[in-house]
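Here are the chains, one letter per residue:
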Amino acid sequence: EENLWMFDLGEPSLEPIPAFLTKFLMSFFHALGMEEDEKGDWVVRFEQDENGKLRLTEKTKELLPKVISSFNITVDRLINELFDGYEKVRVLLVRYVVTQLISDSAFCIEKWRTKGGGDESRSDHQYYLEKWLWRALWDIYASEELRRRYLTRMMFKRQLENRHLDSFLG
C-alpha cells in the first residue's frame, strides 16, 4: 500500500497557490527529515566517518535521487499545467522551497531551545532533544542541495549566455 503524506499543510483552508505549492514541494524533502524508525523516533539522515565528519547514510543516498526525480517530475508538470510552460517560474518555485526548508530549520532549532536544548539544567528531563537538531541539519542540507543543483546552475547558465560575444553583436 502506497500512501501520499504531506506535512505542515495544517487544517483544510483556502490557500494561495504559491503558498500551497511551496508547502507541497517542500514536503518531498521534509518527509525524509520526519521519517520514523521502528521506535517512533525520526530517522537520522547522517552518520560520522572515522574522522568525525558527517556524511549521508547509505539509506539516504539511495532515497535522495528518487526524491529529486519525483520533485523534478512534479515541478515539470506544475509548470506545464498551471503556468502554461512558463519556465521562469521554476526558479521562483525552487527559491520558495529553499526558503521554506530554511524556515523549518529555524523552527526546529527554536523547538530544541524551547524544550531546554543547550541548557543542561532544563534538558535532563527531556527525551531525545537532539532529534530537533538532526532535523534542522537535514533541512539545511536539503535546501543547500536544491540551491546547488538548481539555482547555481541557472545562475551560471545565465552568466554564460550574457558573456557570449554573439549576444553583444545582435
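Cut-off values and rules
- Residues numbered from 1 in each chain as written.
- Predicted model: local features only at pLDDT ≥ 70, side-chain atom pairs only at ≥ 80, totals over all residues.
- Heavy atoms only, no water.
- Helix = DSSP H or I, 4+ residues; strand = E, 2+ residues; numbered from the N terminus.
- Buried < 20%, exposed > 50% of the residue type's maximum accessible area, 1.4 Å probe, protein only.
- Contact = heavy atoms within 4.5 Å.
- Salt bridge = Lys/Arg side-chain N within 4 Å of Asp/Glu carboxyl O.
- Core = buried A, V, L, I, M, F, W, Y, C linked by side-chain atoms within 4.5 Å.
- Axes fitted to C-alpha atoms, helices over the stretch in contact; angles between N-to-C directions.
- Parallel < 35°, antiparallel > 145°, perpendicular 65-115°, else oblique.
- Nonpolar A, V, L, I, M, F, W, Y, C, P; charged D, E, K, R; others polar.
- 1 Å grid on protein atoms, 1.4 Å probe; cavity = no way out; pocket = protein on both sides within 12 Å on 5 of 7 lines; lining within 4 Å.
- Points joined across faces, edges and corners; volume = space filled by probe spheres on them.

### As for the overall build of the chain
Phase 1 of the analysis: In terms of helices and strands, the chain carries 6 helices and 2 strands.
Phase 2 of the analysis: Scanning the chain from its N terminus toward the C terminus, one meets helices and strands in the order α-β-β-α-α-α-α-α.
Phase 3 of the analysis: Here the chain holds 170 residues, and the buried ones make up 34% of them.
Phase 4 of the analysis: If you take every contact in the chain between residues at least 6 apart in sequence, the share linking residues at least 24 apart comes to 59%.

### Details of the side chain of Thr 74
Phase 1 of the analysis: Note on placement: Thr 74 falls in helix 2 (residues 58–82).
Phase 2 of the analysis: If sequence neighbours within four positions are ignored, Thr 74 has contacts with Phe 24, Leu 25 and Phe 28.

### What about the pattern of salt bridges?
Phase 1 of the analysis: Under the defined criterion, the tally for this structure stands at 10 salt bridges.
Phase 2 of the analysis: Linking Lys 61 and Glu 58 is a salt bridge whose minimum nitrogen-to-oxygen distance equals 3.4 Å. Highlighted residues: Lys 61 and Glu 58, both in helix 2, separated by 3 residues, approximately one helical turn.
Phase 3 of the analysis: With a relative accessible area of 40%, Lys 61 lands in the partly exposed category.
Phase 4 of the analysis: A salt bridge links Arg 148 to Glu 145; the shortest N-O distance between them is 2.6 Å. Within this pair, Arg 148 and its partner Glu 145 are both found in helix 5 (residues 130–163), separated by 3 residues, close to a single helical turn.

### Some remarks on the nonpolar core
Phase 1 of the analysis: The biggest cluster of nonpolar side chains holds 28 residues, and the ones touching the most others in it are Leu 25, Phe 29, Phe 71 and Leu 146.
Phase 2 of the analysis: Taken together, the elements giving at least two residues each to this core come down to helix 1 (17–33), helix 2, helix 3 (89–114) and helix 5.
Phase 3 of the analysis: In terms of nonpolar packing, the next biggest core, distinct from the first, is built from 6 residues, Met 34, Trp 42, Cys 108 and Leu 129 among them.

### Some words on the packing of helix 1 against helix 2
Phase 1 of the analysis: Remark: helix 1 packs on helix 2, axes separated minimally by 9 Å, with the N-to-C direction vectors making an angle of 170°. Judged by the inter-axis angle, helix 1 sits roughly antiparallel to helix 2. Across the interface between the two elements, Leu 21, Phe 24, Leu 25, Phe 28, Phe 29 and Leu 32 from helix 1 touch Leu 63, Leu 64, Val 67, Ile 68, Ser 70, Phe 71, Thr 74, Val 75, Leu 78 and Leu 82 from helix 2.
Phase 2 of the analysis: When grouped by side-chain class, the residues that make up the contact of helix 1 with helix 2 number 14 nonpolar, 2 polar and no charged.

### Thoughts on empty space enclosed by the protein
Phase 1 of the analysis: Following the criterion strictly, the structure yields 1 cavity of 30 Å³ or more and no others.
Phase 2 of the analysis: Lining the largest cavity, in full, are Gly 33, Trp 42, Val 43, Val 44, Arg 45, Phe 46, Tyr 128, Lys 131, Trp 134, Arg 135 and Trp 138.
Phase 3 of the analysis: With 4 residues, the top contributor of residues to the lining of the largest cavity is helix 5.
Phase 4 of the analysis: Counted by class, the lining of the largest cavity contains 7 nonpolar, 1 polar and 3 charged residues.

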